[in-house]
Amino acid sequence: EVSTEDPETAFFTLANREDLNPEEGSIHHCLYQFTRNEKLTETNKLLCDVCTQRHYGPKKNIKSEKKYVYTNAKKQMLISLAPPILTLHLKRFQQAGFNLRKVNRHIKFPEVIDLAPFCTVKCKNVAEGNTKVLYSLYGVVEHSGTMRSGHYTAYAKMRTMNNRLSDLVLRGQSPQALETEPVKGQWFHISDTHVQAVSASKVLSSQAYLLFYERLL
């Protein structure tokens, strides 16, 4: 969603990003890099309709592309609506010349993640006054092997029904109560027909390819 209504708050987030200092090789660092403020200059300048009309008059008077005015700008990708379910897809491939190779580096991820530093200050589905947008991990997809062949397995958490999540999905009611702990339950590792109970530490040490979180607050 492009913010054009209130330029004054366009680059403000729900929580202060400067206090983050995310650890490199973590999901927080990935999100921080993805949502960082970018400057659009030189060949990346933005075509500005307002500047063009101010300089050349109404659009109907512009007959050549050369008459468009391009200007320096800032761009930032932020979350404008906090979803009930958060899915994070890690880029596990890298271009190496003419070939693609798999990235096997471990990326740290928490059981509870706060999206507030990556949300717009007027983020939807967030109760007024809340400066936290918390999610609890409930699923992980892992890939073993190479770009040519491999095997997908999953970790899933058996847990009780999240009534607050149901209220958000069915009624659009933002969570109000302060829940900061992971949803209680038992983790299982699933590989084809084999299912085995595992610890949370085993899940957090996996080479995540997809992460699934559900809304807490």
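Everything quoted here is computed from the prediction, not taken from an experiment.

### Let's talk about the overall build of the protein chain
Moving on, step 1. Scanning the protein chain for helices and strands turns up four helices and 15 strands.
Moving on, step 2. A total of 217 residues make up the protein chain; the buried ones form 35% of that total.
Moving on, step 3. Within the protein chain, contacts between residues at least 6 apart in sequence are counted, and of these 74% link residues at least 24 apart.
Moving on, step 4. Working note: accessible area of the protein chain is about 14300 Å², and carbon and sulfur atoms make up 51% of it.

### Some details on the pairing of strand E11 (residues 134-145)
Moving on, step 1. Taken across its twelve residues, E11 has ten buried, putting it largely inside the fold.
Moving on, step 2. With seven bridges connecting them, E11 and strand E15 (residues 208-215) associate as antiparallel partners. By the bridge assignment, Gly139 is partnered in E15 with Phe212.
Moving on, step 3. Counting the residues between successive antiparallel strands, the hairpin from E11 to strand E12 (residues 150-159) contains four residues.

### Some remarks on unusual backbone geometry
Moving on, step 1. Despite not being glycine, Glu42 has its phi angle at roughly 50 degrees, a positive value.
Moving on, step 2. Note that Glu42 resides in the loop between strand E1 (38-40) and strand E2 (46-47).
Moving on, step 3. The phi torsion at Asp192 lies on the positive side, around 55 degrees, for a residue other than glycine.

### A closer look at the packing of aromatic side chains
Moving on, step 1. For the coordinates displayed, the defined rule picks out two aromatic pairs.
Moving on, step 2. Plain terms: the ring middles of Tyr152 and Tyr209 are 6.1 Å apart, the flat faces sit at 45 degrees to each other, and that makes the pair tilted. In this pair, Tyr152 is assigned in strand E12 and Tyr209 in strand E15, connecting sequence segments 57 residues apart.
Moving on, step 3. On the basis of relative accessibility, which here comes to 49%, the residue Tyr152 falls in the partly exposed class.
Moving on, step 4. It is Arg17 that lies over the ring of Tyr32; its NZ or CZ is 4.6 Å from the centre.

### Some points on the side chain of Asp114
Moving on, step 1. Tracing the backbone through its elements, the reader meets Asp114 in strand E9 (residues 112-114).
Moving on, step 2. One polar contact links the side chain of Asp114 to the main-chain amide nitrogen of Ala116, over a distance of 3.0 Å.
Moving on, step 3. Polar contacts involving the side chain of Asp114 include one to the main-chain amide nitrogen of Val133, which spans 2.9 Å.
Moving on, step 4. Setting aside residues up to four positions removed in sequence, Asp114 forms contacts with Thr131, Lys132, Val133 and Leu134.

### Quick notes on the pattern of salt bridges
Moving on, step 1. One pass over the structure, following the stated rule, counts five salt bridges.
Moving on, step 2. The shortest N-O distance in the salt bridge between Lys75 and Glu38 comes to 3.9 Å. Placement of Lys75 in strand E4 (residues 73-75) and of Glu38 in strand E1 is noted, with a sequence separation of 37 residues between them.

### A look at the side chain of Lys157
Moving on, step 1. Considering the arrangement of structural elements, one finds Lys157 in strand E12.
Moving on, step 2. The residues touching Lys157, leaving out its near neighbours within four places in the chain, are Glu111, Leu137, Tyr138, Pro182, Val183, Lys184, Gly185, Gln186 and Trp187.

### Considerations on the nonpolar core
Moving on, step 1. One finds Val133, Leu211 and Tyr213 to be the most contacted residues of the largest nonpolar core, which totals 28 residues.
Moving on, step 2. The set of elements that each furnish at least two residues to this core consists of helix H1 (27-34), strand E6 (85-89), strand E10 (119-124), E11 and E15.
Moving on, step 3. Excluding residues that lie within four positions of it along the chain, Leu211 makes contacts with Ile27, Leu86, Thr87, Leu88, Leu90, Phe109, Leu137, Gly139 and Val140.

### Brief notes about the state of the cysteines
Moving on, step 1. Evaluated as defined, the whole model comprises zero disulfides.
Moving on, step 2. With no disulfide of its own, Cys119 lies closest to Cys123 among cysteine sulfurs, the gap being 4.0 Å.

### Considering the pairing of E12
Moving on, step 1. As judged from the seven bridges shared by E11 and E12, these two strands associate in the antiparallel manner. Paired with Val141 across the bridge in E12 is Ala154.
Moving on, step 2. Examined bridge by bridge, E12 and strand E13 (residues 185-191) share six bridges and lie antiparallel to one another. Across the sheet, the residue bridging to Met158 is Gln186, located in E13.

Definitions and limits used
- Throughout, a residue's number is its position along its own chain's written sequence, starting from 1.
- Reporting of local features is limited, given that this is a predicted model, to residues whose pLDDT is at least 70; pairs of side-chain atoms are given and counted only at 80 or more, and all residues count toward the totals for whole chains, interfaces and linings.
- Just so you know, side-chain values use all the structure's heavy atoms and leave hydrogens and water out.
- Helix and strand assignments come from DSSP, with helices taken as H or I runs of at least 4 residues and strands as E runs of at least 2, each series counted from the N terminus.
- Per-residue accessibility, obtained with a 1.4 Å probe over protein chains only, is compared with the maximum for each type, and a residue is labelled buried under 20%, exposed over 50%, and partly exposed between these values.
- The criterion used for residue contact is that any of the two residues' heavy atoms lie within 4.5 Å.
- Only the protein chains shown count as cover for residues, and all accessible areas are computed by the Shrake-Rupley method using a 1.4 Å probe.
- Pairing between two strands is assigned when DSSP locates at least 2 bridges connecting them.
- Here the aromatic set is Phe, Tyr and Trp, taking the six-membered ring for Trp, and pairing holds for ring centres within 6.5 Å; pairs whose planes are under 30 degrees apart are stacked, those over 60 apart are edge-to-face, and all others are tilted.
- Remark: a charge is flagged as sitting over a ring if the NZ atom of Lys or the CZ atom of Arg is within 6 Å of the ring centre and within 35 degrees of the ring normal.
- Here a polar contact means two N or O atoms within 3.5 Å. Within protein one must be a hydrogen donor candidate and the other an acceptor candidate, and residues neighboring in sequence count only if both atoms are side-chain atoms.
- Counted as salt bridges are all cases of a side-chain nitrogen of Lys or Arg within 4 Å of a carboxyl oxygen of Asp or Glu.
- Definition used in this section: a nonpolar core is a set of buried Ala, Val, Leu, Ile, Met, Phe, Trp, Tyr and Cys residues joined via side-chain atoms within 4.5 Å.
- Only a pair of cysteine sulfur atoms within 2.5 Å counts as a disulfide in this structure description.

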